[in-house]
Amino acid sequence: MSDLLEKIEAQTSLPSPPILISQLTALLQKDNVSSQELAKIGETDQAFTARILKLVNSPFYGFSRQITSVEDSITMLGLQVVNQLLLATSVLESLKVDHKLININQFWLHSFAVGVFAKHILYNESDVLRGSSFMCGILHDIGRLLFIKLDSEKYLAFYDKGDSVIDLDKEKRWFGMNHQEVGSALGRKWNFPDTFIDVIENHHHPEKSKNNKKLLSAVNLGDIISHAMNIGNSGSTYVTDFAPETWEILNISYDKLKEIIIKALDEIDKTKTFLEGFQSK
Amino acid sequence: MSDGNNKKRDDDISNNVTRNLSMIIHHDEIRKISEVIIAVLKEKDKSVEIKEGA
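Below you will find a few notes about this structure.

Parameters and conventions
- Residues numbered from 1 in each chain as written.
- Chains lettered and ligands numbered in written order.
- Predicted model: local features only at pLDDT ≥ 70, side-chain atom pairs only at ≥ 80, totals over all residues.
- Helix = DSSP H or I, 4+ residues; strand = E, 2+ residues; numbered from the N terminus.
- Buried ≥ 20, exposed ≤ 12 C-beta atoms within 10 Å, placed from the backbone.
- Contact = placed C-beta atoms within 7 Å.
- Nonpolar A, V, L, I, M, F, W, Y, C, P; charged D, E, K, R; others polar.
- Axes fitted to C-alpha atoms, helices over the stretch in contact; angles between N-to-C directions.
- Parallel < 35°, antiparallel > 145°, perpendicular 65-115°, else oblique.
- Left-handed = near helix turned anticlockwise from the far one by under 90°.
- Core = buried A, V, L, I, M, F, W, Y, C linked by C-beta atoms within 7 Å.
- Expected span 1.5 Å × (residues − 1).

## Some words on the overall build of chain B
Per the secondary structure count, chain B includes two helices and zero strands. With the C-alpha coordinates aligned to their principal axes, the bounding extent of chain B is approximately 35 × 20 × 15 Å. In chain B, which comprises 54 residues, the proportion classed as buried is 31%. Counting contacts in chain B only where the partners sit at least 6 residues apart, residues at least 24 apart contribute 63% of the total.

## Some words on the interface of chain B and chain A
Note: interface size is frequently given as the accessible area lost on complex formation between the parts. Facing the 22 residues of chain B at the interface are 21 residues of chain A. The set of elements that each furnish at least two residues to the side of chain B that touches chain A consists of helix H1 (3–20) and helix H2 (28–43) of chain B. A class-by-class count of the residues in the side of chain B that touches chain A yields 12 nonpolar, four polar and six charged.

## A short note on the packing of helix H6 (residues 79–94) of chain A against helix H8 (residues 127–139) of chain A
All names here are of chain A. Close contact between H6 and H8 brings their axes to 10 Å; oriented N to C, the two are set at 25°. Looking at the two axes, H6 sits roughly parallel to H8. Judged by the sense of rotation from one axis to the other, the crossing of H6 with H8 is right-handed. Touching Gln80, Asn83, Gln84, Leu87, Ala88 and Val91 of H6 are Asp127, Gly131, Phe134, Met135, Ile138 and Leu139, all from H8.

## A look at the nonpolar core
When a protein is soluble and globular, its nonpolar side chains tend to lie buried together. Residues Ala118 and Ile261 of chain A together with Ile37 of chain B are the most contacted members of the largest nonpolar core, which totals 90 residues. Ile37 of chain B has contacts with Ile225, Ala228, Met229 and Ile261 of chain A together with Val17 of chain B, leaving out every residue within four places of it along the chain.

## Side note on H2 of chain B
All names here are of chain B. Helix length check: H2 (16 residues) gives 23 Å between terminal C-alpha atoms against 22 Å at 1.5 Å per residue, within 8%. Within the span of H2, buried status applies to Ile33, Ser34, Val36, Ile37, Ile38, Val40 and Leu41. Of the residues flanking the end of H2, it is Asp45, one or two places downstream, whose phi is positive at about 55°.

## Structural notes on unusual backbone geometry
Positioned with a positive phi, Asn230 of chain A is a non-glycine residue whose angle comes to about 55°. Position of Asn230 of chain A among the secondary structure elements: in the loop between helix H14 (213–229) and helix H15 (244–250). With phi around 55°, Asp45 of chain B is a residue other than glycine that occupies positive phi space. In this structure, Asp45 of chain B sits in the segment after H2.

Here you go:
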């Protein structure tokens, strides 16, 4: 076992699996979820309730009346959007790192954008898969946050180099594990669904996935588009690698891709204010 | 915005997206994807910064 994995296993400062995440990932796996069911979970989290009300009442949406409850927010924004934002809040609140080491708002903006792109790339798939793709976008790089938590000096020395394609072997030689492995170790500790763990573990190489190639390809392409547009910052100056199989697996035309990017950008612009103010410690 | 400014903005979008993907733009698929991204950004009049390290 690598030193880093031992640290993950032993590290008491690592957050326990948040109850909200367990409840919400379970909810994400269901086909039929009611507004009341989701509102009941959301209302237990005061920070989330405040955020969702701020978002739904923002000028972006321009609703004519004041929205004052989580359940009404679900009616206005849609169940899937609120579910995703609730999940994102839980993860973001659980993985705070020193703001001097990384611009955490930019990190989460990048992750959020990857999730939104992935969800739109899978426009033709089930709501369950599209919901999972958003969450996988949010989570795909959590390994980098763990590097910062567990060994910030090594992290800074490594990611300061940049100017090449991400090299997972080099990362592994440096840290003892690469960011995909360390992220998936946390995913297992937190009992994430196997699908999420697969994405965290293989997002740079979707072709290695046995059962979730399409989902991984969507996250990989979302990552590439976010890098191209420089939306947020993944915490690394390295460029995401590309496997041509990714494009074949997704099987979408360039015209369709254009529509997808336009819709996703619109959603990112509307909801990114939700991410503002997740203060680092 | 004048024609000259429009052209500069369009050139900046093209150059910066291409630069942000410079390490993988040798793939035909990425070159075509970058063209789509550039077209969207120009249509939406959205500028793009060069990624740190690119």
